[in-house]
Amino acid sequence: MKNGYSQLIQSKYFVTDFNSAIFDGPIRIYFTQAQESLALKVYFHIQNRFAAEVKKLKGVFSDGNTSLFILIYPTTETFQKCFESSERMQTADWENDLVIGINESLGGIDFNVFETQFLQAYSQWVSKNKKTKKHEELIL
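J.: Residues and numbers for the pattern of salt bridges, please.
T.: Two side chains carrying opposite charge are able to pair once their charged atoms lie near each other. With the rule as written, the count across this model stands at one salt bridge. A salt bridge links R49 to E115, with the shortest nitrogen-to-oxygen separation between them at 3.3 Å. Of the two residues, R49 sits in helix α2 (residues 36-49) while E115 sits in helix α5 (residues 111-128), which places them 66 residues apart along the sequence. Owing to a relative accessible area of 40%, R49 belongs among the partly exposed residues under this scheme. Residue E115 is classed as buried on the basis of its relative accessible area of 15%.

This is the structure:
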């Protein structure tokens, strides 16, 4: 992971409402304590729907490659402040890492949209890590 928690809290994507997290290798999910149930649904959805991709990402994560931050915002205002967007979800490059921002306040998470965002982030991740000796593992 190129960026750590200390860099995240200084970024434009962090809000002080984030007081809970799930870490699983390169995947970091930040949320408010009240959103724990939702964050666990996101985590288990990733594990079930993208098991092969997650396995590949974990396999090369030990080399210190890119991390994926999934930030579940509790209000529309905080999401719009960080992403300057009225969309429900946004993917952004952040230095050497990737961020998926989720505007949870608009009626929960649309997992079809989330899957699209996750696959987009995964593709960007593969592109960012093509220079590593294990990049073939990401693609295969």
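J.: Please give an account of the environment of G25 that cites residues and values.
T.: With respect to the helices and strands, the residue G25 is situated in the loop between β1 (20-24) and β2 (27-31). Given a relative accessible area of 28%, G25 falls into the partly exposed group. Taking the C-alpha atoms as reference, G25 lies 8.3 Å from S67; in sequence the two are 42 residues apart.

J.: Please give an account of the packing of α2 against α5 that cites residues and values.
T.: Axes are the key here: two packed helices are described by the angle between their axes and the distance separating the axes. In contact at an axis separation of 12 Å, α2 and α5 are set at 60° when each is read in the N-to-C sense. Taken together, α2 and α5 sit at an angle that is classed as oblique. Crossing geometry of α2 relative to α5 is assigned as right-handed. Together, K41, V42, H45, I46 and R49 of α2 and F111, F114, E115 and F118 of α5 make up the contact between the two elements. Of the residues that constitute the contact of α2 with α5, the class distribution is five nonpolar, one polar and three charged.

J.: Go over the pairing of β1, please, and point to the residues and values.
T.: Because side chains alternate across β1, one face comprises the buried residues S20, I22 and D24, and the other comprises A21 and F23, none of which is buried. Taken together, the five bridges between β1 and β2 define a ladder with antiparallel strand orientation. When the sheet's bridge partners are listed, F23 is paired in β2 with R28. Adjacent in sequence and paired antiparallel, β1 and β2 are bridged by two residues, among which G25 carries a positive phi angle near 60°.

J.: A description of the sheet that holds strand β4 (residues 89-94) should follow, citing residues and the corresponding values.
T.: Pairing is mixed across the open sheet formed by five strands, whose spatial order is β1-β2-β3-β5-β4. Two strands close off the open sheet at either side, each with one partner strand: β1 and β4. Taken over all neighbouring pairs, the strand axes of this sheet differ in orientation by 15° on average, direction set aside. Where β2 and strand β3 (residues 68-73) come together, four bridges link them in parallel fashion. The partner of I27 across the bridge, within β3, is L68.

Scoring rules and cut-offs
- Residues numbered from 1 in each chain as written.
- Predicted model: local features only at pLDDT ≥ 70, side-chain atom pairs only at ≥ 80, totals over all residues.
- Heavy atoms only, no water.
- Salt bridge = Lys/Arg side-chain N within 4 Å of Asp/Glu carboxyl O.
- Helix = DSSP H or I, 4+ residues; strand = E, 2+ residues; numbered from the N terminus.
- Buried < 20%, exposed > 50% of the residue type's maximum accessible area, 1.4 Å probe, protein only.
- Axes fitted to C-alpha atoms, helices over the stretch in contact; angles between N-to-C directions.
- Parallel < 35°, antiparallel > 145°, perpendicular 65-115°, else oblique.
- Left-handed = near helix turned anticlockwise from the far one by under 90°.
- Contact = heavy atoms within 4.5 Å.
- Nonpolar A, V, L, I, M, F, W, Y, C, P; charged D, E, K, R; others polar.
- Pairing = 2+ DSSP bridges.

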